[in-house]
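Overview (structure and organization)
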Amino acid sequence: PCSHAPQHKENQPMTHQSFITTTRGLQRDIPPMRLYEKAKKLGVWNPSDIPFTQDIPDWQSLAAEEQDLLLRLTALFQAGEEAVTLDLLPLIQVIAHEGRLEEEMYLTTFLFEEAKHTDFFHRFLSTVTGTTFDLSHYHTPSYHTIFYETLPQTLQALTHDPSPAAQVKAAVTYNLLVEGMLAETGYHSYFTVLERHNLMPGVRQGIHLLKQDESRHIAYGIFLISRLIAADDSLWRVVEDTMNELLIPGLGVIGDAFACYDPIPFGLQESEFIDYATAQFQKRIERVERARGATLDDIYRVTQAVIDANDG
């Protein structure tokens, strides 16, 4: 009798019937677990440990327009990191309900890292810039469309519609557009400014670490979308429809950030970053499209090659 599992009775709350770790065990060789291992190794940095000693006088040496551009970019990052921290939970819940323990284990690091990024930018604003006023006036209509409306709506939709189509729409919005195009372009522009002018080493260090984290997030998002498309080729249409809907406001977020300046501070050229964003978008879309007609083993192999080739 002591070896018999308890019988489930109808009309009782949902219960577990088994546990992966005591039945088949963890699959340590699949991409989500490899990302989990990388996150444990590389994601342990603490925003509170990054020194801003040189950043403060560097900030104070900047012209008003230069400070304004960096505040604008920071306001986009700060709210964006908060938004994804708030909105990620429904995706984690869907993955958990599907019993994908290895993916859920990686996603626990994902959420922690997004919260840590929120912490980092707040430290920069309060410690380096001394900002105590509302920065939401930097959020343009294009930004509102993506971060105030589409991102939360798409992720929260998973609470009542966990279908593969809804998951693809959420991952395309989050991982391909918000992270893969907007965040990467924003970090690139921010880092370019500071690196070219040898400014604010603490912020540069933080952004370097942020980019490592984000590279793992994007790798997981592409893996998730590819896994779903490999199982159902018709989901490619969801990818196309979502990107067609969001590409214009997404590029608008980038264009809006530079449109208020003439000339743009630090000698930046808007076209450089629009081209960068478009290239990032195209690269990720091409990877996802290759999932059409692929097997799950193909997806594992391609994803693992990308993870192995990426130091982050």
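All figures in this text were calculated on a predicted structure; none of them were measured in a lab. Throughout this document, residue positions are counted from 1 along each chain, in the order its sequence is written. Local features in this predicted model are restricted to residues of pLDDT 70 or higher, and side-chain atom pairs are both shown and tallied only at a pLDDT of 80 or more, whereas totals for entire chains, interfaces and linings draw on every residue. As a rule here, side-chain values come from all non-hydrogen atoms in the structure, and water together with hydrogens is ignored.

1. Some thoughts on the pattern of salt bridges
Selection criterion: Salt bridge criterion: a side-chain nitrogen from Lys or Arg within 4 Å of a carboxyl oxygen from Asp or Glu. Starting at the N terminus, helices and strands are each numbered in turn, a helix being any DSSP run of H or I of at least four residues and a strand any DSSP run of E of at least two.
Under the definition given, this model contains 16 salt bridges. Here Arg34 and Asp308 are joined by a salt bridge, their closest N and O atoms 3.3 Å apart. Of the two residues, Arg34 is situated in helix α1 (residues 31–42) and Asp308 in helix α11 (residues 296–309); the sequence distance between them amounts to 274 residues. Through salt bridges with shared partners, a single network forms among Arg28, Glu37 and Lys40.

2. Points about the packing of aromatic side chains
We count it as follows: Any two of the Phe, Tyr and Trp rings considered here, Trp counted by its six-membered ring, make a pair once their centres fall within 6.5 Å; the pair's planes then place it as stacked at under 30 degrees, edge-to-face at over 60, or tilted in between. The rule is simple: take the accessible area with a 1.4 Å probe, protein chains only, and divide by the maximum for that residue type; under 20% is buried, over 50% is exposed, in between is partly exposed. Whether a charge sits over a ring comes down to the Lys NZ or Arg CZ being within 6 Å of the ring centre and within 35 degrees of the ring normal.
Enumeration according to the criterion identifies 16 aromatic pairs in this entry. Plain terms: the ring middles of Phe121 and Tyr187 are 6.5 Å apart, the flat faces sit at 5 degrees to each other, and that makes the pair stacked. Remark: Tyr187 occurs in helix α7 (residues 164–196) and Phe121 occurs in helix α5 (residues 101–129); sequence separation between them is 66 residues. As far as the burial class goes, Phe121 and Tyr187 line up, both buried. The interplanar angle of 45 degrees and the centroid separation of 6.2 Å between the aromatic rings of Tyr220 and Phe223 together place this pair among those described as tilted. With a gap of three residues between them, Tyr220 and Phe223 both fall in helix α8 (residues 201–231), about one helical turn apart. Judged by its relative accessible area of 1%, Tyr220 falls in the buried class. Relative accessible area serves as the criterion here: at 1%, Phe223 is assigned to the buried category. The ring of Phe191 has Lys211 sitting right over it, with the charged end atom 5.3 Å from the ring centre.

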